[in-house]
Structures are given as C-alpha cells and as structure tokens.
Amino acid sequence: MDRRTVLRATAAGGAAALAGGLWAAAAAPAQPAQPGPGPYGDLLAADANGLQVPAGFTSRVIARSGQRVAGTSYTWHPAPDGGACFPAGDGWIYVSNSEVPLVGGASAVRFAADGAIAAAYRILGGTNVNCAGGPTPWGTWLSCEEVPLGRVFETWPAGGRSGEERTRMGRFKHEAAACDPVRRVVYLTEDEGDGCFYRFVPDTWGDLRTGRVQVLCAPDGQVTGPVTWRDLPDRDGFPVPTRYQVAAAQTFDGGEGCWYADDTCWFTTKGDNRVWAYDAVNQRLDLAYDDSLVPAGAAPLTGVDNITGTAGGDLYVAEDGGDMEINVITPAGVVAPFVRLLGQSESEITGPAFSPDGSRLYFSSQRGTSGARAGTGGITYEVRGPFRR
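Here's what I pulled together on the structure shown here. (Residues numbered from 1 in each chain as written. Predicted model: local features only at pLDDT ≥ 70, side-chain atom pairs only at ≥ 80, totals over all residues. Heavy atoms only, no water.)

Here is a general trend for soluble globular proteins: nonpolar side chains tend to be buried in one another's company. Ranked by size, the top nonpolar core spans 22 residues in total, and within it Y187, F197, C258, C265 and Y278 carry the most contacts. Sorting the residues of this core by element identifies β12 (174-180), β13 (185-190), β14 (197-204), β18 (255-261), β19 (264-269), β20 (274-279) and β21 (284-290) as the ones contributing at least two each. Excluding residues within four positions of it along the chain, C258 makes contact with A176, A177, A178, Y187, T189, F197, C265, W266, F267 and I307. Core analysis: the second largest hydrophobic core is formed by 20 residues, Y40, M324, F338 and V339 among them. (Core = buried A, V, L, I, M, F, W, Y, C linked by side-chain atoms within 4.5 Å. Buried < 20%, exposed > 50% of the residue type's maximum accessible area, 1.4 Å probe, protein only. Helix = DSSP H or I, 4+ residues; strand = E, 2+ residues; numbered from the N terminus. Contact = heavy atoms within 4.5 Å.)

What follows is the structure, encoded as structure tokens:
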C-alpha cells in the first residue's frame, strides 16, 4: 500500500483520541481534519496590503525589515520568524525572532491599550539563526537557534535585562518550544529530516537552568499510538547528536511549530505536512492533520510551519510556501484558509500570535515581496477582527 492508504487506516483507528484537549469543545472528528467551509466565510479580494481576509477583518503593516518601526527610532530586524504576545500594563508586546546567522536575536514592539505602537527595541542579540521558540507561563520568551548544536535563550519581552542561555535544555537544531504547566515540562521540536520530539523537565518549575531532557519513544514503525519518554544520555549532543542517542526514539520529518493548550501539545512537521496531537494525559500521539489524508489535489494546507491557537480551540497554522496562507483548523476537524498573502511566493509566513484579548493576530512574511534570502524584505502584519474566542 502507498503512504496515503496506510495513513488513512492508521488515522481511522486513532482519531478518537483527539476527543481530549482542545477538541473537547466538539465531537471528535472521524479522521484528521478535512477541507471545508471556514468559520469566517470565503476570503475577499486583496486589500491595500496585499492580504486576502474574510469579511469583517482588516490588516495593517506593523514593521518592515531595515526600516524604522513607525513612531520609534528602532530599525526592525531582517528575516522575522517565530513570535508571541505578552500582556504589558494596559497594552501588550509582540516579540519576534530574527532568523539570520551570527546576529540573530529577537526584537519587540510594545502596543498601547488602543493598539498604537508605543515602542520598539532589541531584547536579544549575538545569537545564531533564531527561528521559533515559545512563551513561558512566567512571561518570558524562549528564543531557539535553528543550527546544529543550537541553544535556547530565555529573554524578557519588556527589555531591560539581557537574554540568558539555557543550554541544559539540550543542544540540537532547535525549532519551537511549548510549556506544559500541568506536567511542568517544556516540549521542544527539532528541525531535521530525522529529528525528534523532546521535553525538558526542569528541577524547579519556573527555573530553566537545570533539569533533564527526554525524548519521545515509540515502537519501531508506529505512526500514532501510545508513547513513552526516556532520558537523553548526553543533552550536549556531541559527539553523538541527541536524535541518535536513544534507539527507540520516534523520528519526525522536519519539526516546526509547537503549541500547548488543555493537556494537548500540537506540533507540526513540514517534511510531510502534518499537524500532530500529543495527548499529555494518556501519553498518546495522533494526527490532527495530514495532507496525505486529504483527497489528492485538495489539501488547503501545505508547507506546514508555525502554529498557534485560541482559547476557543481553533488552531492557526502558517505555511512556508504553499499558497502563502494561514489556515484555521477547527475543533470540528475542518481546515480552511483564513488569510492569504499575494505576490509573495518566495517567502514564508512566520510568528503567528494573538494579542492577549484575542482580537488581533500578528505574523510576518519573512522575505516579503522581494523574496530576498537574507530576509531584508521582511514584513510584520496585524490582522484585526471578530475572531472566535
């Protein structure tokens, strides 16, 4: 049987597990998400910013790489990538990584209560290819290096404090991070064609300076089903890379975004266009989306990359390539485009994150309309409207 046939059979047997976590708001889908009408209707013609959004939504440009952020003296970084939002007094802060060599780091934009830009500034520098990361429950941003033996840096969105290296979280080609406050662990993805899915177990929750790194393990050949965790012998990954240290470790084709909510960790793999659902209560892995399980030629979501979610249970998944869309996956198991960028086929969408009140979605086009590999044409956007919460 080909991969599509095998996965249909596997997914049908495991889909019921998705009744937990975010999917508890609706009956479990009969199989991983399928194309259907989105909750906001069809996309309209492109607006003045080149974005197609549904009726009732509007967009604005927040920042452009190499240019000063409006109302500030700060020049926005190149190649904007992973991002997150944080409450800040009556307003909020959007943090964004810079996926460039040697300079790397991350920047932040602070917004006033009415959404006006109040400030922009650097929160991390001198690092290497900072791709994605994740927010912590105590209000810091974990910025991850996507290079061999890459590191995790803990940063402070409000500024005023230098980022700090967290090498006890493992040295590998990091992508994203997601905190599980119930089990008090941090899940970590690895962007390798045979990468692994890890979790960091700190000695003290809220302090990431010490702890253990574990890798997800499963029987050989298993795609979905029960899994276990085993300690890594050497978190430093040298001379043996972390992904090769535990024989039973399950491998994933290009780990990307990672998002935790309600006892479920959702993570994506770009190499096979999948969204995975790890049920942390039952220690079980299932597929929430796989383009091989969609009728041929009908997959709305390809180039699966960064992921975020809402309190109401919707997942928003950005594309690296594809149709340059952010797709929504609903708790009912429907996947549909939410926003599409025109004229930017040489770019990728990065850093989707909602403002604390859920009314605004921030994200970037890493290379913008220029497509320059150095990310000098990056554009960071805001979409505002009646999001389901």
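Moving on, we come to the packing of aromatic side chains. The full count for this structure, using the stated rule, is 26 aromatic pairs. A centroid spacing of 6.3 Å and a plane angle of 85 degrees characterise the contact between Y40 and F387, whose relative ring orientation is edge-to-face. Highlighted residues: Y40 in the loop between β1 (34-35) and β2 (51-52) and F387 in the segment after β28 (379-384), separated in sequence by 347 residues. Judged by relative accessible area, which is 15%, Y40 ranks as buried. Between Y187 and F197, the aromatic rings sit 5.8 Å apart at their centres with planes inclined by 5 degrees, giving stacked as the arrangement. Taken together, the residues span a long stretch of sequence, with Y187 in strand β13 and F197 in strand β14 at a distance of 10 residues. For F197, a relative accessible area of 1% gives the class buried. An aromatic cluster is defined as three or more aromatic residues linked by ring pairs; in this entry it consists of Y187, F197, W229, F252, Y260, F267, W276 and Y278. Over the ring of W156 we find R161; its NZ or CZ atom is 3.7 Å from the centre of that ring. (Phe/Tyr/Trp six-rings, centres within 6.5 Å; stacked < 30°, edge-to-face > 60°. Lys NZ or Arg CZ within 6 Å of the ring centre and 35° of its normal.)

Before going further, it helps to spend a moment on the pattern of salt bridges. Tallied over the full model, the rule gives 22 salt bridges. In this structure, D231 engages R212 in a salt bridge whose closest nitrogen and oxygen atoms are separated by 3.3 Å. Placement of D231 in strand β17 (residues 228-231) and of R212 in strand β15 (residues 207-217) is noted, with a sequence separation of 19 residues between them. D290 serves as the salt-bridge partner of R274, at 2.5 Å between the closest nitrogen and oxygen. With a gap of 16 residues between them, R274 in strand β20 and D290 in strand β21 connect regions that are remote in the sequence. Comparing R274 with D290 shows no difference in burial state: the two are buried. Three or more residues are tied together by salt bridges with common partners; here these are E154, R161, E164 and R166. (Salt bridge = Lys/Arg side-chain N within 4 Å of Asp/Glu carboxyl O.)

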